[in-house]
Amino acid sequence: MTIRSFDLLQPRSLAEAITLLVQHGEDARAIGGGTTLIILMKQRALQYRYLVDLQSIPGLNQISKEPEGVRIGALATHRSVELSPVIREALPVVAEAFSRVGNVRVRQTASVGGNLAHADYRLDPPPALLILGAEISAMGPNGARKIPLKDFFRGMYETALEPGELLVDVKIPSMPAKSKAVYLRYSAMSANDWPCLGVAAMVTRENGRCKELRLALGGVAATPVLVNGLTFVKDQLLDEDVMQQILAVVDEQISPFSDLRGSEWYKRQMTQVFIRRAIAQLDSQLIEG
Amino acid sequence: MKREITLRVNNKDEVIVIDDADTLLEVLRDRLKLWSVRESCGVGACGSCTVLLDGRPASSCFLLAARTTGHDIVTLEGLGDGAELHYIQEAFVSQRALQCAYCTPGFILSVKALLDETPEPSDEEIREYLAGNLCRCAGYADILRAVRVAQDKKKSLAFKE
């Protein structure tokens with residue numbers, strides 16, 4: 001065996017899982033799909049005496065349509081989101097973003113909650129979920145609470161979850177009327193690699209002009225970035241002048257670092273290229289549709 | 001922690017004592033001697049350790065064996081009856097879709113899952129589905145051809161039934 005021996009604890013309820021996590025403190029970690037955790041434990045980057053198995057809790061993998069959106073249980077796999085008829089119809093941008101993670105085997109195993117709680121700055125789903133205003137339900141020793149996804153990511157691999165607190169599900173509101181959304185991923189290396197960056201964009205139109213623009217980015221800061229300060233696009237045409245202003249706003253809010261997928265300068269340039277592509281694509285779809 | 005588990009592998013119940021930290025890959029190879037399941041990258045990126053879990057492809061290198069009880073596990077050994085090759089294996093042979101063959105079991109299981117899920121895939125769907133299986137002899141063109149041959153064979157078998 002390559003992983004240091006541990007005890008796999010298999011609770012039957014969330015309450016039991018939380019009790020175990022509180023009892024064992026830093027010696028224990030919750031495991032969802034395990035695609036990341038097991039690899040990091042094999043590499044001995046992480047070590048725990050106890051893993052608390054969330055797959056043994058019934059009912060956490062549901063995807064359900066709600067009056068004002070869709071709710072995805074923490075243990076739903078990426079593949080089930082990608083193929084869900086409910087999500088493909090109501091929120092195609094979410095299906096697209098989840099379909100871009102890793103390869104089909106990873107998506108078959110990796111969980112939605114694990115993806116978000118791992119808080120890798122490059123993951124594909126967070127930008128798409130951020131532009132839609134997703135909200136997390138969490139449960140911990142002090143009870144249940146809601147955390148807007150924009151307040152969830154606190155730093156590289158750090159989230160707002162407290163010790164013993166578990167991500168239970170993510171609620172995604174429906175798309176506003178007359179809006180379209182897109183997720184574009186740019187891989188500087190192979191297709192299955194982490195993206196160099198990802199751009200999610202949503203445009204809402206009214207009377208032939210832009211009513212609202214939302215942008216979120218992955219891979220260009222320590223956390224996914226939901227761009228603030230875009231209200232000036234209201235009632236504008238998304239022409240070159242406005243585009244220059246948008247790109248300037250974005251450039252101020254990202255802080256990419258140089259790595260093997262590109263230098264800081266390169267990532268700033270590519271961010272601009274992909275924002276232009278995303279907005280152009282949405283604008284033409286909305287004019288045609 | 002040690003525990004006794006029952007694994008359903010290739011239509012047979014295997015009762016074995018494992019450690020919670022054992023991956024499915026380690027159990028299949030080291031305990032059940034199923035040598036078609038191979039380790040290469042160890043991080044789920046290459047597809048050499050692919051098995052079918054309830055008919056869907058999974059990387060056995062990042063699954064804990066203790067969490068795979070109650071699922072139907074199939075390795076390449078479980079595809080044929082041992083006497084004759086499975087038609088996907090035959091397709092790989094006839095199209096010379098292998099050179100060193102280290103990646104081949106993983107590819108064949110992925111192709112099986114693909115054709116079960118999507119009986120008439122587009123070129124794009126094949127490429128996307130198999131993108132996570134790496135062949136460093138770079139036999140990709142031959143492998144894509146083998147998928148088409150296997151697809152035709154599957155269709156004619158289904159027609160006969």
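Residues numbered from 1 in each chain as written. Chains lettered and ligands numbered in written order. Predicted model: local features only at pLDDT ≥ 70, side-chain atom pairs only at ≥ 80, totals over all residues. Heavy atoms only, no water.

**Student:** For this particular structure, what's the right way to read the domain arrangement of chain A?
**Tutor:** Quite often, the size of an interface is put as the accessible area lost when its parts meet. When the domains of chain A are assigned, the result is domain 1 (7-53), domain 2 (63-172) and domain 3 (180-288). The straight-line distance from the C-alpha centre of domain 1 of chain A to that of domain 3 of chain A is 36 Å. (Domains from an automatic or database assignment.)

**Student:** Quick question: what am I supposed to make of the nonpolar core here?
**Tutor:** A general trend in soluble globular proteins is that nonpolar side chains are found buried together. The biggest cluster of nonpolar side chains holds 52 residues, and the ones touching the most others in it are Ile72(A), Val94(A), Leu116(A), Leu149(A), Phe152(A) and Ile172(A). Apart from the residues within four sequence positions on either side, Leu116(A) is in contact with Pro126(A), Leu129(A), Ile136(A), Leu149(A), Phe152(A), Phe153(A), Thr159(A), Leu167(A) and Val170(A). Tyr48(A), Val9(B), Leu24(B) and Ile73(B) belong to the second-largest nonpolar core, a separate cluster that totals 36 residues. (Core = buried A, V, L, I, M, F, W, Y, C linked by side-chain atoms within 4.5 Å. Buried < 20%, exposed > 50% of the residue type's maximum accessible area, 1.4 Å probe, protein only. Contact = heavy atoms within 4.5 Å.)

**Student:** Help me out: how do you make sense of the packing of aromatic side chains in this one?
**Tutor:** The description of an aromatic ring pair uses the distance of the two centres, along with the angle that the planes make with each other. Residue and element names in this part refer to chain A. Scanning the entire structure with this criterion turns up five aromatic pairs over all chains. Here Phe 152 and Phe 153 contribute two aromatic rings whose centre-to-centre distance is 5.4 Å and whose plane-to-plane angle is 80°, an arrangement assigned as edge-to-face. On the accessibility criterion, Phe 152 (0% relative accessible area) is buried. Three or more aromatic residues joined by ring pairs make a cluster, and in this case those are Tyr 186, Tyr 266 and Phe 274. Residue placement shows Arg 277 over the ring face of Phe 274; its charged tip is 4.7 Å from the ring centre. (Phe/Tyr/Trp six-rings, centres within 6.5 Å; stacked < 30°, edge-to-face > 60°. Lys NZ or Arg CZ within 6 Å of the ring centre and 35° of its normal.)

**Student:** Got a minute to help me understand the interface of chain A and chain B in this structure?
**Tutor:** Contacts between the two partners involve 32 residues from chain A, matched on the other side by 32 residues from chain B. In total, about 2,400 Å² of surface goes out of reach between chain A and chain B, with carbon and sulfur atoms giving 51% of it. There are three salt bridges connecting chain A and chain B. Ionic pairing is found between Arg67(B) and Asp53(A), a salt bridge with its closest N-O pair at 2.7 Å. The interface formed by chain A and chain B holds 20 residue pairs in polar contact (both at pLDDT 80 or more) in total. Elements that contribute at least two residues to the side of chain A that touches chain B include exactly strand S1 (7-9), helix H2 (35-42), strand S3 (50-53), helix H3 (78-83) and helix H6 (104-109) of chain A. No other element matches H6(A), which puts six residues into the side of chain A that touches chain B. (Buried area = accessible area lost by both parts, 1.4 Å probe. Salt bridge = Lys/Arg side-chain N within 4 Å of Asp/Glu carboxyl O. Polar contact = N/O pair within 3.5 Å; in protein donor to acceptor, adjacent residues only side chain to side chain. Helix = DSSP H or I, 4+ residues; strand = E, 2+ residues; numbered from the N terminus.)

**Student:** What's the story with the sheet that holds strand S2 (residues 28-31) of chain A in this structure? I'm lost.
**Tutor:** Within a sheet, adjacent strands bond to each other through the backbone by hydrogen bonds, running parallel or antiparallel. Residues and elements named next belong to chain A. Strand order in the open sheet made by the three strands is S1-S3-S2, with parallel pairing throughout. With partners counted over all chains shown, the strands left at the sheet margins are S1 and S2, one partner each. Between one strand axis and the next, the sheet turns by 30° as a mean value, whatever way the strands run. Pairing of S2 with S3 involves four bridges; the strand directions are parallel. (Pairing = 2+ DSSP bridges. Axes fitted to C-alpha atoms, helices over the stretch in contact; angles between N-to-C directions.)

**Student:** Just to check I follow, could you spell out the pattern of salt bridges for this structure?
**Tutor:** Think of it this way: side chains of opposite charge can pair up when their charged atoms draw near. All names here are of chain A. Inspection of every chain in the model, using the stated rule, returns 33 salt bridges over all chains. The residue Glu 82 makes a salt bridge to Arg 107 at a minimum N-O spacing of 2.8 Å. Here Glu 82 is found in helix H3, whereas its partner Arg 107 is found in helix H6, with 25 residues between them in sequence. As far as the burial class goes, Glu 82 and Arg 107 line up, both buried. Among the salt bridges present, the one from Asp 193 reaches Arg 261, with a minimum N-O distance of 2.5 Å.

**Student:** Hey, could you run me through the domain arrangement of chain B in this one?
**Tutor:** All names here are of chain B. Per the domain assignment, the segments making up chain B are domain 1 (2-78) and domain 2 (87-160). Between the C-alpha centres of domain 1 and domain 2 there is a distance of 22 Å. If you look at the interface, domain 1 gives 17 residues, while domain 2 gives 15 residues. Summed over the three residues of domain 1 that lose the most area to domain 2, namely Arg 38, Leu 52 and Leu 76, the buried surface amounts to 40% of that side. Here domain 1 is connected to domain 2 by one salt bridge.

**Student:** Help me understand the pairing of strand S6 (residues 135-140) of chain A, please; the structure alone is not making it clear to me.
**Tutor:** Moving residue by residue along a regular strand, the side chains alternate between the two faces of the sheet. All names here are of chain A. Bridge count between S6 and strand S7 (residues 143-148): six bridges; the pairing is antiparallel. Its bridge partner lying in S7, Glu 135 is registered against Pro 148. Here S6 folds back onto S7, and the loop between the two strands holds two residues. Here S6 pairs with strand S10 (residues 166-173) via five bridges, running antiparallel. Directly across from Ser 137, in S10, lies its bridge partner Asp 169.

**Student:** Is there a simple way to think about helix H9 (residues 240-253) of chain A in this case?
**Tutor:** Residues and elements named next belong to chain A. Taking 1.5 Å as the rise per residue, H9 with 14 residues should run 20 Å; its terminal C-alpha atoms sit 20 Å apart, in good agreement. Restricting attention to buried positions, one finds in H9 the residues Val 242, Met 243, Ile 246, Leu 247, Val 249 and Val 250. Viewed along the axis of H9, the buried residues span an arc of 160°, placing them on a single side of the element. Opposite the buried face of H9, by more than 90 degrees, sit the exposed residues Asp 241 and Glu 252. (Expected span 1.5 Å × (residues − 1). Arc of directions from axis to C-beta.)

**Student:** Before we go on, may I ask you to explain the state of the cysteines in this structure?
**Tutor:** The term disulfide refers to a covalent linkage connecting the sulfur atoms of a pair of cysteines. Residues and elements named next belong to chain B. Taken as a whole and judged by the stated rule, the model has zero disulfides over all chains. In this structure Cys 49 is a free cysteine whose sulfur lies 3.8 Å from that of Cys 61, the closest cysteine sulfur available. The closest cysteine sulfur to the non-disulfide-bonded Cys 103 is located on Cys 135, 4.0 Å from its own sulfur. (Disulfide = S-S within 2.5 Å.)

**Student:** Looking at this model, I keep getting lost on the sheet that holds strand S5 (residues 69-73) of chain A. Mind explaining?
**Tutor:** Residue and element names in this part refer to chain A. The five strands are arranged S4-S5-S10-S6-S7 in an open sheet whose pairing can be described as antiparallel. Lying at the two open borders of the sheet, with one neighbouring strand each, are strand S4 (63-66) and S7. In this sheet, adjacent strand axes meet at a mean angle of 20° when their direction is disregarded.

**Student:** For this particular structure, what's the right way to read helix H2 (residues 87-94) of chain B?
**Tutor:** Owing to its 3.6 residues per turn, the α-helix brings residues three or four apart onto one side. Residue and element names in this part refer to chain B. Those residues of H2 not exposed but buried are Tyr 87, Ile 88, Gln 89, Ala 91 and Phe 92. Contacts made by the buried residues of H2 are with helix H3 (104-117) and helix H5 (140-160). Taken from the residues just after H2, Arg 96 is the one with a positive phi, measuring 50°.

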